[in-house]
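# Remarks on the overall topology
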Amino acid sequence: MMDPVLTLEKITKAFADNGEVCPALAGISFDVRAHEIVCIMGPSGCGKSTLLRIIGGLEQADSGTVHEEQGNGRGSLSAAMVFQDHALFPWLSIYENIVYGLRLSAQKLPEDEMKQRAEALLALTHLDAFKHSLPHQLSGGMKQRVSVARALAIKPDILLMDEPFSALDTFTRRELEDEVLRIRQEMKTTILLVTHNPEEAVYLADRIVILSPRPSVVAAILPVVLPQPRDPANSEFIRIREQVTRLVQGKPDLVQQ
């Protein structure tokens, strides 16, 4: 079993709403191991995206700690985020969208190295033929592939994904889920993914962290001990999917162990 690369300890967060304090996260603790895919699930409004943004440094927790093991000898983990909305720059080509983060990063790579890295990611995500295209010329699934490639360009130690495929049709979603599995295999990337889809979680995850309704705590952590590739029609897959569904609904007493 791999050592944790990220450990959350008692993360809390509250928001102000019409002068009232509304607790969102009430002490979230779990870890993420190297090269693992962990899915975060929970009822709508429980703070899944808020938690991911805290991990990514886009929001500040009220209390608690996000402890990072040293990543790639750099002293701390590097993280990149993929959002539900691909958030591409419409005036930049696909190639320029991918290298944009590299141009701003502290890595300060030479132009030829940035080009080499972008070309490799275009190949990895099957976008070679579209490097000079603009985002509006691509399908929704292809735009999300660009978003993933852009996030991977900085070679993050952990990839944070916030419901990245929820707006896509079933077939495109499955295609991109398979891409995530392939990227994890080829790049050894650690992935933390928020989803509201139980089947997606069971299809992808090594472990599923289920949050309670807000103020959220960790209601359960389920290992998914199924070989890859996984068949959603498999009886054990279906059993785990139903278990996840019941736990998210807050009905653990109805879960058949």
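What you see is a predicted model; the values in this text were computed from it and never measured.

## Description of the overall build of the chain
- Looking only at helices and strands, the chain features seven helices and nine strands.
- Relative to its length of 257 residues, the chain is compact, with a C-alpha radius of gyration of 19 Å against a globular reference of 18 Å.
- Within the chain, the proportion of its 257 residues that are buried is 49%.
- Contacts in the chain between residues far apart in sequence, at least 24 positions, make up 70% of those at least 6 positions apart.
- Here the chain has roughly 12500 Å² of accessible surface; of this, 52% comes from carbon and sulfur atoms.
- Once the 27 positive and 33 negative side-chain charges of the chain are each reduced to a mean point, those two points are 1 Å apart.

## With respect to the layout of surface pockets
- Put simply, the largest pocket is a space of about 390 Å³.
- Secondary-structure elements contributing two or more residues to the lining of the largest pocket are strand E5 (79–82), helix H2 (94–104) and helix H4 (140–152).
- Its residues placed into classes, the lining of the largest pocket shows 11 nonpolar, four polar and two charged.

## Overview of the sheet that holds strand E4 (residues 63–68)
- Across the sheet, which stays open at both edges, the three strands sit in the order E2-E1-E4 with antiparallel pairing between neighbours. With partners counted over all chains shown, the strands left at the sheet margins are strand E2 (20–33) and E4, one partner each. Ignoring strand direction, the axes of neighbouring strands in this sheet form an average angle of 20°.
- Pairing analysis gives five bridges linking strand E1 (residues 4–17) to E4, with the strands arranged antiparallel. When the bridges of E4 are listed, Glu9 appears paired with Thr65.
- Sheet strands in contact with helix H1 (residues 48–55) are E1, E2 and E4, and its direction is about 120° off that of E1.

## Details of empty space enclosed by the protein
- Counted under the stated rule, the structure contains one cavity of 30 Å³ or more.
- In this structure, the largest cavity occupies an estimated 60 Å³ of space.
- Every residue along the wall of the largest cavity is listed here: Thr125, Arg145, Val148, Phe165, Leu176, Glu179, Val180 and Ile183.
- If you list the elements that add at least two residues to the lining of the largest cavity, you get H4 and helix H5 (170–187).

## Observations concerning unusual backbone geometry
- Between Arg214 and the following residue, Pro215, the backbone shows a cis peptide bond with an omega angle of -5°.
- Examined against the element boundaries, Pro215 turns out to sit in the loop between strand E8 (207–211) and strand E9 (218–223).
- Between Gln228 and the following residue, Pro229, the backbone shows a cis peptide bond with an omega angle of -5°.
- Backbone geometry places His126, a non-glycine residue, at a positive phi of 60°.
- Its location among the elements puts His126 in the loop between helix H3 (111–124) and H4.
- For His126, a relative accessible area of 44% gives the class partly exposed.
- With a phi angle near 55°, Lys188 is a residue other than glycine that sits in the positive phi range.

## Quick word on the pairing of strand E7 (residues 190–194)
- When you tally the buried positions in E7, you get five out of five residues, the bulk of the element.
- Side chains of E7 alternate between two faces, with Thr190, Leu192 and Val194 and Ile191 and Leu193 buried alike.
- As judged from the five bridges shared by strand E6 (residues 158–162) and E7, these two strands associate in the parallel manner. By the bridge assignment, Asp162 is partnered in E7 with Val194.

## Observations regarding the nonpolar core
- Counting 53 residues, the largest nonpolar core has Ile98, Leu159, Met161, Val202, Ile208 and Val244 as the members making the most contacts within it.
- The element that contributes the greatest number of residues to this core is H4, accounting for six residues.
- Ignoring any residue separated from it by four or fewer positions in sequence, one finds Val202 in contact with Ile208, Val224, Leu226, Arg230, Phe237, Ile240, Arg241 and Val244.
- Within the second largest apolar cluster, 25 residues are counted, among which are Ala34, Ile55, Leu192 and Val194.

So, how was this worked out
Residues numbered from 1 in each chain as written. Predicted model: local features only at pLDDT ≥ 70, side-chain atom pairs only at ≥ 80, totals over all residues. Heavy atoms only, no water. Helix = DSSP H or I, 4+ residues; strand = E, 2+ residues; numbered from the N terminus. Rg over C-alpha atoms; globule rule 2.2 N^0.38 Å. Buried < 20%, exposed > 50% of the residue type's maximum accessible area, 1.4 Å probe, protein only. Contact = heavy atoms within 4.5 Å. Areas by Shrake-Rupley, 256 points an atom, 1.4 Å probe, with all protein chains shown as cover. Lys, Arg positive; Asp, Glu negative; His and termini not counted. Charge placed at Lys NZ, Arg CZ, Asp CG, Glu CD. 1 Å grid on protein atoms, 1.4 Å probe; cavity = no way out; pocket = protein on both sides within 12 Å on 5 of 7 lines; lining within 4 Å. Points joined across faces, edges and corners; volume = space filled by probe spheres on them. Nonpolar A, V, L, I, M, F, W, Y, C, P; charged D, E, K, R; others polar. Pairing = 2+ DSSP bridges. Axes fitted to C-alpha atoms, helices over the stretch in contact; angles between N-to-C directions. Core = buried A, V, L, I, M, F, W, Y, C linked by side-chain atoms within 4.5 Å.

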